[in-house]
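A structural walkthrough
Letter by letter, the chains look like this.
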Amino acid sequence: MSFLNQAKPVAAALFLGSLSLASLSAKAGIYNLTIDEVMTDIGGELRPAMGINGQIPGPELRFREGEEITLNVTNNLEEDSSIHWHGLILPYQMDGVPGISFDGIKPGETFTYKFTANQNGTYWYHSHSGLQEQAGVYGPLVIDAAKREPFRVDRDYTILLSDWTNEDPNDVLANLKKQSDYYNYGQRTVGDFFEDVAQIGLAETISDRVAWGNMRMTPTDIADVSGYTFLVNGRNPDQNWTGLFKPGERVRLRFINGSAMSYFDVRIPGLEMTVVQADGNNVKPVKVDEFRIAVAETYDVIVRPKEDTAYQILAESIDRTGFARATLTAEETTATPALPKLRERPLLTMADMGMDHGAMEMDAKGETGDMAGMDHSNMAGMSGDAMKSGIAPEAANGGKILVYGDLKSLKAVEDYRAPEREIELRLTGNMERYYWSINGIKYSDADPVKLAYGERVRIKFVNETMMSHPMHLHGMWMQLDTGKGEFNPLKHTVNVPPGQTLTVDVTADALGEWAFHCHLLYHMATGMFRKVVVEETPDLSSLTAPVGE
Amino acid sequence: MKNFTNKTRQSLTAIGLIMALGLGTGYALASPGGNHNDAIGKPGQEATVDRVIEISLDDNYFDPESIEIRSGETIKFILSNQGDGLHEFNLGTPEMHEAHQEEMAEMMESMNMDGMDHGSMMGMDHDSMGMSNMDKGNMEMGGMEHDSPNSVFVQPGEQAELIWTFGEADNLEFACNVPGHYDSGMVGAFKQAGPADAS
Amino acid sequence: MTMNVKATGPATLLLMAALLTSSARAEVSDNAIHYLIQAEEFEYRYGEDQDSLNWDIQGWVGTDENKAWLKTEGEKILGGDLESAQAQLLYSRNISDFFDLQAGLRQDFKPEPERTFAVLGFQGLAPQWFEVNLASFLSDDGDLSARVEAEYELLLTQKLVLQPSLEVNAAFQEVPNQELGSGFNDLELGLRLRYEIEREFAPYAGLQWERKLGETADMARAEGEEVSATALVAGISFWF
């Protein structure tokens, strides 16, 4: 079964479902959304879920830069709900985080969000209540640029990646609390032990097992949750979301990772991708064969399929448990190729545990190209290769993979200046007990991070865990330090790989209270979260101390 | 400072390579014979200019993006780089552009220039400190304009000219072959409106 | 069990009250109460002389920091009496990344006479993935004893797991009416191979070997009892 989708007109807005449009010409739009209980069989059995306007994902919201937006969101659930506009810069009362921005939306009630779309690009929206996002309360959000964009495309498709589980998300969290490796069916076995002995010798194998055993961590902790069906625009790989093109056209693909927990490595065999936007902000074009998209990130790429054939868009989960798949095809009748074999599940190494800081100094600025072509079979032990990351992405075709060091803002960022102070945030957690924290302190025990209005602050993330964490700041851009100075890109979500350090600079230009958290849903829900308060005259004593201590 | 020295050397090498590329392309064009080259036309002379067309090069697009031409017509292009990055105005067929892009990409790769783009090679980046110490005269790409007559690189904020006498080819494009730019749409079409004398 | 509830009811209520009033901010439920009930051993033992039904079931309810634990284990001789039955109700507090400090009460319903103990112990994950539980018991008669339990899980495949286990009991003084000598009392070694049909449900089979030690063994010999016993076991482990 294939779902063919016509390209959306680039300049005109398209509205789906019960979305209504009051006025296009007046640069003001009224949109109505409902959050509903729905049923879905997307994962192979009919399950209760939550949707927006009755669908998963919710309808694509398409705004115009400069448009005054009115969004009426009605909660038809039996529990509180909310919608957060991910990546949008707006008044904090409109940010949609219950307990911080507002009280949430009670069952049966409607909350009216009002803000102006002062930016353009690819974003998304989702519930910020409980675990509703995993249950289906998310959708794409695109703001068309008021001025000419720095690229020209013939077609424009949104590719919203997500992970669906047939389980109740609350059960998923409960399972993790009861048995943290519940979903890890890629653990090292006795057989692996002997394979490693054959490859690297008994002594090396034992010392490797002892090293991990002492930490009581396992190199197989790639993803906390498995059993997912991965979706593109709500379609599973069999349903195969399909977009059309004419050979030679430039096709813009707006990738959004709306997953609760899943990172993807994205490739389109046969096509190079030119990355032109990251997190809604234009970057200097980078041609890549593959890119890794962390949870909550967005990347816009342009592809130019020249052949009259079908190209597969493959988003392979980083724990290699499945694909989200879509197809670009010149003809509706062209058969889609079969899904390729999943690559081997990665194994973390001591380098990922921050055991070799020297080698990882490169962090965000680094080119991981020298890791390409690395032989995973040699990675098990503590031998020479162990100092290379096991989780660093590689292109399936051995070609170019996007790294943060490639990201360079298209235009110099206006408020680029030296930070006045640095806040170190250690990303911490306890896989065994399954809770996650910042500086060893869970949200409910932590004081807010206080910023002075207008100040420029450097945030240094030090990942002390074995998981990657996509850190998301609400309300303000993070200027990711990729060594490009004023051309450092602006992001709303930055991926901090295990054992690595990464810095971002933030101008505290948005008064109010904001959420700041890991965007892995179950990490956020178990404490990897902070409130950020931007105020005119904060208590100065709180500014000097490291956050959370 | 070691870093800086390395970066400078890389940049110089890059410029050298670009020039070599330019020379290569120029040589191919200048070589006699071959309908291909006749069809796309040849460098024009100031004295025979029929029309002057101003094109702005921005990040990352041309304005205008389509120009009507007639075979035999000589056009002087005044090219202004309004953007923040280095851009090229290269006149050729899609195949020529593709080949040129591959060369440029290979060059980038062979130099392992992590994240560098032509802007920084040119010392135009505000953050590539110290580049101003270099003798700017040496870095000017001016020489290339002559060596590669169908192509000119224009630095941000600067202007350049290219004069071309068009042939009969109807698939000519003007393109920027800085990696990623052509792919994201920095290309315009020359639309053949017939022979010049027909009007 | 009624006795147990009577003895520890007020403590449980206090604990639950503490759990429920612990700060929980609306937007993030990082102090949510979870629970687990886990039957590690629920098995039939084919012994040399007698067969028995044995259980070892533990459960907890609480937050990451504060939990209430209930542990019960026992043995019923087939065609005979309830040989042993005991339960512990403990308050458990995480004191490090991998260990909880546990304190509470233990009630031995069998063998008779019933006895009550105060319990203080540690439970958690030791380096190299050993699940360990160290507990000391002070009886209402003033006798002090201790128990060490350790388990390890060896993955043959992702679902086939070999689990060796060890339990050692020791008393710091003689307890004649329990036929316990001073020093090490007994050693139990187990080896169970389970197949996880689901994470929550795994049938298993294995071996259990027990031996009385030191003075306790001497006392058993004097009574004409065996000091060691080997049994084949088959059972299911499950949790919810």
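Residues numbered from 1 in each chain as written. Chains lettered and ligands numbered in written order. Predicted model: local features only at pLDDT ≥ 70, side-chain atom pairs only at ≥ 80, totals over all residues.

**Concerning the overall build of chain C**
Scanning chain C for helices and strands turns up 2 helices and 13 strands. For chain C, the proportion of its 240 residues judged to be buried stands at 25%. (Helix = DSSP H or I, 4+ residues; strand = E, 2+ residues; numbered from the N terminus. Buried ≥ 20, exposed ≤ 12 C-beta atoms within 10 Å, placed from the backbone.)

**Re the sheet that holds strand β6 (residues 84-86) of chain A**
Residues and elements named next belong to chain A. Read across the open sheet, the 4 strands follow the order β4-β9-β8-β6; overall the sheet is mixed. Unpaired on one side and paired on the other, β4 (61-64) and β6 mark the two borders of the sheet. Between one strand and the next, the sheet's axes are offset by a mean angle of 25°, whatever the strand orientation. In this structure, strand β8 (residues 121-126) lies alongside strand β9 (residues 138-144), joined through 6 bridges in antiparallel fashion. Note on β9: the bridge partner recorded for Y123 is L141. (Pairing = 2+ DSSP bridges. Axes fitted to C-alpha atoms, helices over the stretch in contact; angles between N-to-C directions.)

**Description of the nonpolar core**
I159(A), L161(A), F255(A), V275(A), V301(A), A315(A) and Y522(A) are the most contacted members of the largest nonpolar core, which totals 139 residues. Among the domains, domain 1 (3-149) and domain 2 (421-544) of chain A are the pair contributing at least three residues each to this core. If near-sequence neighbours (up to four positions away) are discounted, V275(A) is found in contact with V283(A), P285(A), V286(A), V288(A), F291(A), Y299(A), V301(A) and L402(A). Counting residues in each nonpolar core, the second largest holds 26 residues, with I75(B), L86(B), L91(B) and V152(B) among its members. (Core = buried A, V, L, I, M, F, W, Y, C linked by C-beta atoms within 7 Å. Domains from an automatic or database assignment. Contact = placed C-beta atoms within 7 Å.)

**A few points about the pairing of strand β30 (residues 512-518) of chain A**
Residue and element names in this part refer to chain A. For β30, a buried count of 5 out of 7 residues is recorded, marking the element as mostly surrounded by other parts of the structure. Examined bridge by bridge, strand β25 (residues 469-473) and β30 share 3 bridges and lie antiparallel to one another. In the strand pairing of β30, H472 is matched with H517. Note that β30 and strand β31 (residues 529-535) share 6 bridges and pair antiparallel. Residue pairing across strands places E513 opposite V533, the latter belonging to β31.

**Observations concerning the interface of chain B and chain A**
Listed per partner, the contact involves 17 residues of chain B and 26 residues of chain A. For the side of chain B that touches chain A, the class distribution of residues is 3 nonpolar, 8 polar and 6 charged. (Nonpolar A, V, L, I, M, F, W, Y, C, P; charged D, E, K, R; others polar.)

**Concerning the UniProt feature "domain: Plastocyanin-like" (unreviewed entry) in chain A**
All names here are of chain A. As annotated in UniProt, the feature "domain: Plastocyanin-like" (unreviewed entry) corresponds to residues 43-146, 156-324 and 417-536 in the numbering used here. Regarding residues 43-146, the helix share stands at 4% and the strand share at 39%, and the terminal C-alpha atoms are separated by 39 Å. End-to-end, the C-alpha atoms of residues 156-324 are 19 Å apart, and along that stretch the chain is 21% helix and 37% strand. (UniProt positions renumbered as here; feature names shortened; annotations may be inferred.)

**Structural notes on helix α2 (residues 169-178) of chain A**
Of all the residues in α2(A), the buried ones are P169(A), V172(A), L173(A), L176(A) and K177(A). Down the axis, α2(A) shows its buried residues gathered within 135° of arc, on one side only. At its buried positions, α2(A) is contacted by α1 (132-135) and α6 (521-525) of chain A together with β1 (34-47) of chain C. (Arc of directions from axis to C-beta.)

**Here's the deal with the interface of chain C and chain A**
The parts lose accessible area when they come together, and the size of an interface is often stated as this lost area. Of the residues lining the interface, 25 residues belong to chain C; the matching set on chain A comes to 28 residues. Residue classes in the side of chain C that touches chain A are distributed as 12 nonpolar, 7 polar and 6 charged.

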